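Residue-level listing of the chains:
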Amino acid sequence: MKNEIVLNNGLKMPMLGFGVFQIPDFDDCKQAVLTALKQGYRLIDTAAAYGNERAVGAAIRESGIMRSEIFVTTKLWIQDAGYEQTRLVIQDSLDRLGLEYIDLYLVHQPLGDIYGSWRAMEAAYHDGKLKSLGVANFENDRLQDLMMHNEVKPVVDQIELHPFYQQPQRVQWLLDNDIVPEAWGPFAEGKKGVFSNPVINEIATAHGKTNGQVILKWFNQRNIVVIPKSVHKARIIENAQISDFKLTQDEMQRMADLDEGNSLFGSIHDPEAVKQLGNFKFKY
Ligand code: NAP
């Protein structure tokens, strides 16, 4: 089992992390992150737009684990795109997290003045406030453009990936360009009966594992970082127990065959979706 991956800037990133999307309540989020840290997760994925950076920071402090042992990702939302605003909100995220640096800072969506944002992120990178820079939801062409016209190369593209939407060419391009693919929604947020899918279940039964564990292992064996979310202790534990088995080539192929080729969460190429995302604004 590969536990860490080396990013293109030399930093090491855990291959299995813990996501905190849709855990808005402070106590719930803090408890979930504390449980995850106790169970050995060392990557926490939050975002300004999730409204729970304070809870993540509180859990990190309460865990007693050394800061250097934990890899923290947060993200810049569209409302804060542009050079000046990004400079301000990087500090705001640091303050809410109560941290002196962020391990990975992502442009959350490829929308708004992302070039201004990237330059502000580069400045914070050179100041040591951000240890690495990345993006989320960027198509390969947008990522190529971003790389060509800026100095610091993104280390990660965090994109929708699960058994029903696998985007193999997109993932291969990232791997070929030394950018780590990171799967969001690895369980398709439970859609399409993923936890009882018969193909995954047959593979899971053969290894004495659950569908969730097979999915996470299938990502790990392809060098894709994964950040499942759960608020339930038993599931947080279950999702971390994937080091004691290996999927065969045939099983990997059967997982690949589940791809249906369509996003389950909407397309960034749909003007209505772009409008909805651009209109989503939050107060800290
Ligand atoms: P997900 O991890 O695919 O699915 C989470 C759902 O699965 C929750 O309903 C959870 O329920 C359930 N679950 C988790 N483990 C389970 C298990 N072992 N058995 C049965 N059910 C289980 O969805 P996600 O939260 O959207 O994605 C993961 C992370 O990716 C997020 O938390 C966030 O950090 C990141 N993300 C990023 C973006 C982006 O645009 N960059 C978008 C979406 C998500 P319970 O919580 O009730 O256990």
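Look up a bit, the structure's there.
Residues numbered from 1 in each chain as written. Predicted model: local features only at pLDDT ≥ 70, side-chain atom pairs only at ≥ 80, totals over all residues. Heavy atoms only, no water.

1. A look at the overall build of the chain
Within the chain, the secondary structure is distributed over 11 helices and 10 strands. In summary, the chain has a C-alpha radius of gyration of 18 Å against a globular reference of 19 Å for 284 residues, a match within 12%. Dimensions of the chain, computed from C-alpha atoms along their principal axes, come out at roughly 55 × 40 × 35 Å. Taken over 284 residues, the chain has a buried fraction of 53%. By sequence separation, contacts in the chain at least 24 residues apart represent 75% of the contacts at least 6 residues apart. A total of about 12700 Å² of accessible surface is found on the chain, and carbon and sulfur atoms cover 48% of it. (Helix = DSSP H or I, 4+ residues; strand = E, 2+ residues; numbered from the N terminus. Rg over C-alpha atoms; globule rule 2.2 N^0.38 Å. Buried < 20%, exposed > 50% of the residue type's maximum accessible area, 1.4 Å probe, protein only. Contact = heavy atoms within 4.5 Å. Areas by Shrake-Rupley, 256 points an atom, 1.4 Å probe, with all protein chains shown as cover.)

2. Here's the deal with the sheet that holds strand β3 (residues 18–19)
Strand order in the open sheet formed by 8 strands is β3-β4-β5-β6-β7-β8-β9-β10, with parallel pairing between adjacent strands. Because the sheet does not close on itself, it has two edges, and the strands there are β3 and β10 (225–226). As paired strands, strand β7 (residues 133–136) and strand β8 (residues 156–160) are joined by 2 bridges and run parallel to one another. Its bridge partner lying in β8, alanine 136 is registered against glutamine 158. (Pairing = 2+ DSSP bridges.)

3. Overview of helix α8 (residues 211–220)
A large share of α8 lies buried, amounting to 10 of its 10 residues. When we look at burial in α8, the residues that qualify are Asn211, Gly212, Gln213, Val214, Ile215, Leu216, Lys217, Trp218, Phe219 and Asn220.

4. What about helix α7 (residues 198–207)?
Here α7 has its buried residues at Ile200, Ile203 and Ala204. Summarising the axial view, the buried residues of α7 lie within an arc of 100 degrees, below the 170-degree limit, and thus occupy one face. Opposite the buried face of α7, by more than 90 degrees, sit the exposed residues Pro198, Glu202, Thr205 and Ala206. Where α7 is buried, its residues touch α8 and α10 (249–256). Where α7 begins, the side chain of asparagine 197 points an oxygen toward the backbone nitrogen of valine 199, at a separation of 3.0 Å. (Arc of directions from axis to C-beta. Polar contact = N/O pair within 3.5 Å; in protein donor to acceptor, adjacent residues only side chain to side chain.)

5. A look at the site of the ligand
In the vicinity of the ligand lie 26 residues, with Asp45, Phe187, Glu189, Ser230 and Arg235 positioned nearest. Glycine 185 has a polar backbone atom sitting 3.0 Å from an oxygen atom of the ligand. At a separation of 2.5 Å, an oxygen atom of the ligand approaches a polar side-chain atom of glutamate 189. Coverage of the ligand by the protein amounts to 89% of the 900 Å² it exposes when considered alone. The leading source of residues in the shell around the ligand is helix α9 (residues 233–240), at 3 residues. Along the lines of polarity and charge, the residues of the shell around the ligand split into 12 nonpolar, 8 polar and 6 charged. (Near = heavy atom within 4 Å. Nonpolar A, V, L, I, M, F, W, Y, C, P; charged D, E, K, R; others polar.)

6. Here's the deal with the side chain of lysine 75
Structurally, lysine 75 is set in strand β5 (residues 71–76). Here lysine 75 falls in the buried class, since its relative accessible area comes to 0%. A polar atom in the side chain of lysine 75 sits 2.6 Å from the side chain of aspartate 45. Setting aside anything within four residues of it in sequence, one finds lysine 75 in contact with Asp45, Thr46, Ala47, Ala48, Tyr50, Tyr105, Leu106, His108 and Gln158.

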